[in-house]
Amino acid sequence: VESLDAGGSSRSERKALEKKNITFKVGQVLKKPEAERSEEEAAVLQLHRDTVDELCRRQIRRNILKRKQEEVFDDTDELKSKVRQLAVAVKQAKNLVVYTGAGISTAASIPDYRGPNGVWTQLQKGHTIRHVSSDLMCVCCVCCDPKVNMLFLKLLMGLHLRSGLPRHAYLNSMENMFIEVCTICSPVREYVRLFDVTERTSLHRHGTGRKCSHCSSELRDTIVHFGERGTLEQPLNWRGAAEAAKMADVIICLGSSLKVLKKYACLWSMNRPAAKRPKLYIVNLQWTPKDDLAVLKINGKCDDVMELLMEELNIQIPSYDRTEDPIFSIATPLQPEEVNSHSREVISPPSGQEVSAADPGGQTEATVVQGGWFGRGYGKEELKEKSRVVKRA
């Protein structure tokens, strides 16, 4: 038991207070230019070298962190040169995998997660998506190429779904705010909604309060919060992600900080020698933990890079058409008793269009048939054939 002094303070408390005062005093001296320090102040620094070294290390760490958070832009000529290199990699790739993050949604007025105009900020304000980003429509085109094994995403707003990408062509690593699932049903039963289903959910609390129409079990969201790890096989499809990454010879990362994805070694083939891993191309304005492993780092906005890439690949970018948004054809209407189960704004279908009563048990097929490969002009027979291919897979 520590002894107390006359003032009731323990020895450890006195030491802590003394160290705090010394740290403050040394810190004040270090803020001054060396030429302006008095002899007494120089003596203080000499006496407390350990504290000086610790404060210097802290400052170095702060500077590094600050640099990592800064946005860096390649100049116009350098950006075009790098995109040409990326285009060559896409053309030569045998198995291409694309990882996307919040940066891909900038054209939809959702630039990131935590910034003043970020995803979380927008959600807290009750804002909704006004249009699908052009870079997502570019990805739609790229994903029509059979060499593209998988589009791997971590994007809360469900823009990939709304852009018309077929569900078998991508997987969610973290989330889709429009989907709630029943994990009791086998296979997992999905319910696509026209509103944010995460109103009642949080870290380690995923129940949405609504019930499965087939088994009456509570539905849960598909969000993977920071500090959690994705465990749902669908719609997250981790097994598919690992298999796609294993086959990949080229990986493109679009607008992701990679701070979450870096933890999944299976996505980077880290069990292979460096020379036998997929070639990595990163498009991001800020530092990522995989920059040192990248063949090419492009410091530019995803919108600008993807538009330039489409030019190099001679691919026309389709426009987003709200009347063709797949979410309206695959959404599951609420039961009468569930109408008041949320207070989030509902995405209204285009004028004259009604939401169909989609069957949660068959939405994977419905997404491909009804959503199609948006903007590519596939006919009914082609869509039927794609549906058969998906079902066989």
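Preceding this section is the structure that the text describes.
The text that follows walks through the structure, step by step, so that each part is easy to find. Remember, it's a predicted structure, so these values are computed and weren't measured experimentally. The residue count restarts for each chain, going from 1 along the sequence in the order it is written. Residue-level local features of this predicted model are given only where pLDDT is at least 70; pairs of side-chain atoms are given and counted only at 80 or more, and the full residue set underlies all totals for whole chains, interfaces and linings. For the side-chain quantities, the full set of heavy atoms in the structure was used; hydrogens and water were omitted.

**Quick word on the packing of aromatic side chains**
Here a Phe, Tyr or Trp ring, Trp counted by its six-membered ring, pairs with any other such ring whose centre lies within 6.5 Å, and the pair is stacked when the planes are under 30 degrees apart, edge-to-face when over 60, and tilted otherwise. Scanning all chains against the criterion turns up 1 aromatic pair. Two conditions define a charge located above a ring, namely a distance within 6 Å from the ring centre to NZ of Lys or CZ of Arg, and an angle within 35 degrees of the ring normal. We note Lys68 situated over the ring of Trp287; from NZ or CZ to the ring centre the distance is 3.9 Å.

**Considerations on the sheet that holds strand 5 (residues 189–192)**
Whenever strands of a sheet pair, they do so through backbone hydrogen bonds, lying parallel or antiparallel. Taken in spatial order, the 4 strands make up an open sheet running 5-4-7-6, and their pairing is antiparallel. Two strands close off the open sheet at either side, each with one partner strand: strand 5 and strand 6 (207–211). Looking at each pair of strands side by side, their axes are set apart by 35° on average, direction ignored. Strand pairing is assigned whenever DSSP identifies at least 2 bridges connecting the two strands. Think of it this way: any DSSP run of H or I at least four residues long counts as a helix, any run of E at least two long counts as a strand, and we number them from the N terminus. In this description, a line fitted to the C-alpha atoms serves as the axis of each element, helices being fitted only across the stretch in contact, and the angle between N-to-C directions of two axes falls anywhere from 0 to 180 degrees.

**A few points about the pairing of strand 8 (residues 250–254)**
Whether a residue is buried, partly exposed or exposed follows from its accessible area with a 1.4 Å probe, protein chains only, as a fraction of its type maximum: under 20%, in between, or over 50%, in that order. In terms of burial, strand 8 is largely enclosed, as 5 of its 5 residues are buried. Of the two faces of strand 8, both are covered, the one formed by Val250, Ile252 and Leu254 as well as the one formed by Ile251 and Cys253. Direction of pairing for strand 1 (residues 96–100) relative to strand 8: parallel, over a ladder of 5 bridges. Opposite Leu96, over in strand 8, you have Val250 as the bridge partner. Bridge analysis of strand 8 against strand 9 (residues 279–283) gives 5 bridges, and the strand direction is parallel.

**Quick look at unusual backbone geometry**
In the segment running from Ser186 into Pro187, the intervening peptide bond is cis, with an omega of 0°. Despite not being glycine, Leu258 has its phi angle at roughly 65°, a positive value. Turning to its location among the elements, Leu258 is positioned in the loop between strand 8 and strand 9. Relative accessible area serves as the criterion here: at 0%, Leu258 is assigned to the buried category.

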